[in-house]
Amino acid sequence: MSVETPRRIVLLRHAKAEWSQSSDHERPLAERGRKDAPVAGRRLADSGIDFDLALCSSAVRTRETWKLAVHEFAHRPRTVYEERLYEASLGELIALFNETPDEVRNLLVIGHNPGMHGAADALSGSAEGDTLARMTRDGFPTASYAVVEFPGSWKSVEHGAGRLVEYWTPNG
């Protein structure tokens, strides 16, 4: 695959989690989260994006979100549970994207806020239609996702390098 082939990063925030006495890392999905995760998965499956790799935070709520969402996919991408996604800063997220092998065309990242929203905003130097305005207005609710396209290799992913082509939330 040439470096001129457009690439996509899909940033999916975990579904709604319960508030519990356990550590933040161990928080499971709430009932609403267990309903929203498959809806997000169906929407992603219907998007026509064929994911080559999924990077999923090691937190319980992200793993549960991914398990429920991926059941909607016709093809399960290779999945890596990545400790560094939990509480990752924007710089750490970009470093992870830069490590992606160039054979990967479409990358799905299942993570947390403020990282998912921050990455979608920072990477989007331009946007299709009102996607950026809606994302700014709505924030990045649980089970939401953003699709950012960009040219070049994964090593070229940086602030403003991409175009926000889709932003979706379970509530419309």
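This one's a predicted model, so the numbers in the text were calculated from it and none came from an experiment. Each chain carries its own residue numbering, running from 1 in the written order of its sequence. Whole-chain, interface and lining totals are the exception, using all residues; otherwise, since this is a predicted model, local features are given only for residues with pLDDT of at least 70 and side-chain atom pairs are given and counted only at 80 or more. To obtain the side-chain values, all non-hydrogen atoms of the structure were used and water was disregarded.

A. Summary view of the UniProt feature "active site" (unreviewed entry) in the protein chain. Annotation from UniProt places "active site" (unreviewed entry) at His-14 and Glu-87. A maximum C-alpha distance of 12.8 Å is found for the annotated residues, which run over 74 residues; spatially they form one tight group. Only protein chains enter the accessibility calculation, which uses a 1.4 Å probe; a residue whose area is less than 20% of its type maximum is buried, one above 50% is exposed, and one in between is partly exposed. Here His-14 falls in the buried class, since its relative accessible area comes to 6%. Beyond its immediate chain neighbours, meaning those up to four positions away, His-14 contacts Arg-61, Thr-62, Thr-65, Gly-111, His-112, Thr-142 and Ala-143. Polar contacts involving the side chain of His-14 include one to the side chain of Arg-61, which spans 3.3 Å. Those residues within four positions of Glu-87 in sequence are excluded, and the remaining contacts are Glu-92 and His-112. UniProt positions are given in the numbering used here, feature names are shortened, and annotations may be inferred rather than shown by experiment. Whether two residues are in contact is decided by their heavy atoms, any of which lying within 4.5 Å being enough. In protein, a polar contact requires one atom able to donate a hydrogen and another able to accept it; more generally it is a pair of N or O atoms within 3.5 Å, and residues adjacent in sequence count only if both atoms are side-chain atoms.

B. Expanded view of the UniProt feature "binding site: substrate" (unreviewed entry) in the protein chain. If you check UniProt for "binding site: substrate" (unreviewed entry), the listed places come out as Arg-61 in our numbering. Note on placement: Arg-61 falls in helix H2 (residues 60–70). Sequence-distant contacts of Arg-61, defined by excluding residues within four places in its chain, comprise His-14, Ala-17, Asp-24, His-25, Arg-27, Leu-29, Tyr-86 and His-112. Secondary structure elements follow DSSP: runs of H or I no shorter than four residues count as helices, runs of E no shorter than two count as strands, and numbering proceeds from the N terminus.

C. Focus on helix H1 (residues 31–46). The length a helix should cover is 1.5 Å for every residue beyond the first. Helix length check: H1, at 16 residues, gives a terminal C-alpha distance of 24 Å against a target of 22 Å (1.5 Å per residue), a fit within 8%. Those residues of H1 not exposed but buried are Gly-33, Asp-36, Ala-37, Ala-40, Gly-41 and Leu-44. What you see down the axis of H1 is that its buried residues fit within an arc of 145 degrees, all on one side. Residues Lys-35 and Asp-46 are exposed on H1 and point more than 90 degrees away from its buried face. Contact partners of the buried residues in H1: strand S1 (7–13), H2, strand S4 (106–111), strand S6 (145–150) and strand S7 (162–168). One or two positions beyond H1, positive phi appears at Gly-48, with a value near 85 degrees. The arc in question is formed by the directions pointing from the helix axis toward the C-beta atoms.

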